[in-house]
Amino acid sequence: MNKEAQRILAEDDGLVASQGILKGSVAKQNGKLYSAIEKAFEEESLDEIVSFPRNSGGRPYLVLIPGQRFSVEDRPEAVVVLVIDTEQRAKVSGDTLVRLYNLTPSETRVALMLIDGKRLDQIAEELEIAQTTVVFHLKNLFRKTDTNRQADLVRVLLSVPLRSAGT
């Protein structure tokens, strides 16, 4: 575990590592995490992101599980995961996303909410639109960013070189 991971887990705000096992305070999210880890053993191109809410109500932690694909006999006892503290990240500028990917205002709002770790149903509720509309915008985001999975899309959006310190 690197120093940043130690710092995040020391916050004890809904995500802990106990006996080498990462777990959050929400059982459903733990199930998603462990399922994604199982898939990571089988699919090299798989990247999954699981969002863990903070007990304090702040922005969620994101856990990225990269596909690692191992044969049954080479299966290790542990996998690498990346824990992201969305409270500490510089905010991606919506204007930058518009310039880089030619996003519409609605696509930009959806993209920024994805970066913040929101689920599709949360985005629909906050924007007061149907979840099918969110999916429509998501498909446009995939096309414009040349991605085809949500984990890849978030990674591309988080790697945007120009960020803003404000909103």
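Preceding block: the structure.
Please read these numbers as outputs of a predicted model, since none were measured by experiment. (Residues numbered from 1 in each chain as written. Predicted model: local features only at pLDDT ≥ 70, side-chain atom pairs only at ≥ 80, totals over all residues. Heavy atoms only, no water.)

Observations concerning the packing of helix α6 (residues 131-145) against helix α7 (residues 150-158)
Right, so step 1: Two numbers describe how α6 lies on α7: the axes approach to 10 Å, and their chain directions differ by 60°. If you check the angle between α6 and α7, you find them oblique. Relative to α7, the crossing made by α6 is left-handed. Contacts between α6 and α7 involve Leu138, Leu141, Phe142 and Thr145 from the first element and Gln150, Leu153, Val156 and Leu157 from the second. (Axes fitted to C-alpha atoms, helices over the stretch in contact; angles between N-to-C directions. Helix = DSSP H or I, 4+ residues; strand = E, 2+ residues; numbered from the N terminus. Parallel < 35°, antiparallel > 145°, perpendicular 65-115°, else oblique. Left-handed = near helix turned anticlockwise from the far one by under 90°. Contact = heavy atoms within 4.5 Å.)

Looking at the side chain of His137
Right, so step 1: With respect to the secondary-structure elements, His137 resides in helix α6.
Right, so step 2: Accessibility expressed as a relative area gives 11% for His137, which makes it buried.
Right, so step 3: Dropping the residues within four chain positions of it, His137 is found in contact with Ser106, Glu107, Val110 and Ile129. (Buried < 20%, exposed > 50% of the residue type's maximum accessible area, 1.4 Å probe, protein only.)

Structural notes on the packing of aromatic side chains
Right, so step 1: In the structure shown here, the tally under the stated rule is 0 aromatic pairs.
Right, so step 2: When the ring centre of Tyr61 is taken as reference, the NZ or CZ atom of Arg54 above it lies at 4.1 Å. (Phe/Tyr/Trp six-rings, centres within 6.5 Å; stacked < 30°, edge-to-face > 60°. Lys NZ or Arg CZ within 6 Å of the ring centre and 35° of its normal.)

Quick look at unusual backbone geometry
Right, so step 1: You will see that Asn102, though not glycine, has its phi angle at about 55°, which is positive.
Right, so step 2: The topology assignment puts Asn102 in the loop between α3 (94-101) and α4 (105-115).
Right, so step 3: Notably, Asp146 is not glycine yet its phi reads approximately 55°, a positive angle.
Right, so step 4: Looking at the element boundaries, Asp146 is found in the loop between α6 and α7.
Right, so step 5: Accessibility expressed as a relative area gives 72% for Asp146, which makes it exposed.

Section: the sheet that holds strand β4 (residues 61-66)
Strand pairing in a sheet relies on backbone hydrogen bonds, with the paired strands running either antiparallel or parallel.
Right, so step 1: Taking strand neighbours across the sheet as the criterion, the 3 strands line up as β3-β4-β5 in an open arrangement whose pairing is antiparallel. Both edges of this open sheet fall to β3 (47-52) and β5 (82-85), since each of them pairs with a single strand only. Each strand axis lies, on average, 20° off the axis of its neighbour in the sheet, ignoring direction.
Right, so step 2: Where β3 and β4 come together, 6 bridges link them in antiparallel fashion. (Pairing = 2+ DSSP bridges.)

Focus: the pattern of salt bridges
Right, so step 1: Enumeration according to the criterion identifies 11 salt bridges in this entry.
Right, so step 2: The closest approach of N and O atoms between Arg7 and Glu11, which form a salt bridge, is 2.6 Å.
Right, so step 3: For Arg7, a relative accessible area of 28% translates into the label partly exposed.
Right, so step 4: Glu11 sits in the partly exposed class, given a relative accessible area of 31%.
Right, so step 5: Arg54 serves as the salt-bridge partner of Asp13, at 3.6 Å between the closest nitrogen and oxygen. Within this pair, whereas Asp13 is found in the loop between α1 (3-10) and β1 (15-18), its partner Arg54 is found in the loop between β3 and β4, the two being separated by 41 residues in sequence. Comparing Asp13 with Arg54 shows no difference in burial state: the two are buried.
Right, so step 6: Residues joined by salt bridges that share partners form a network here, namely Glu4, Arg7, Glu11, Asp13, Arg54 and Asp85. (Salt bridge = Lys/Arg side-chain N within 4 Å of Asp/Glu carboxyl O.)

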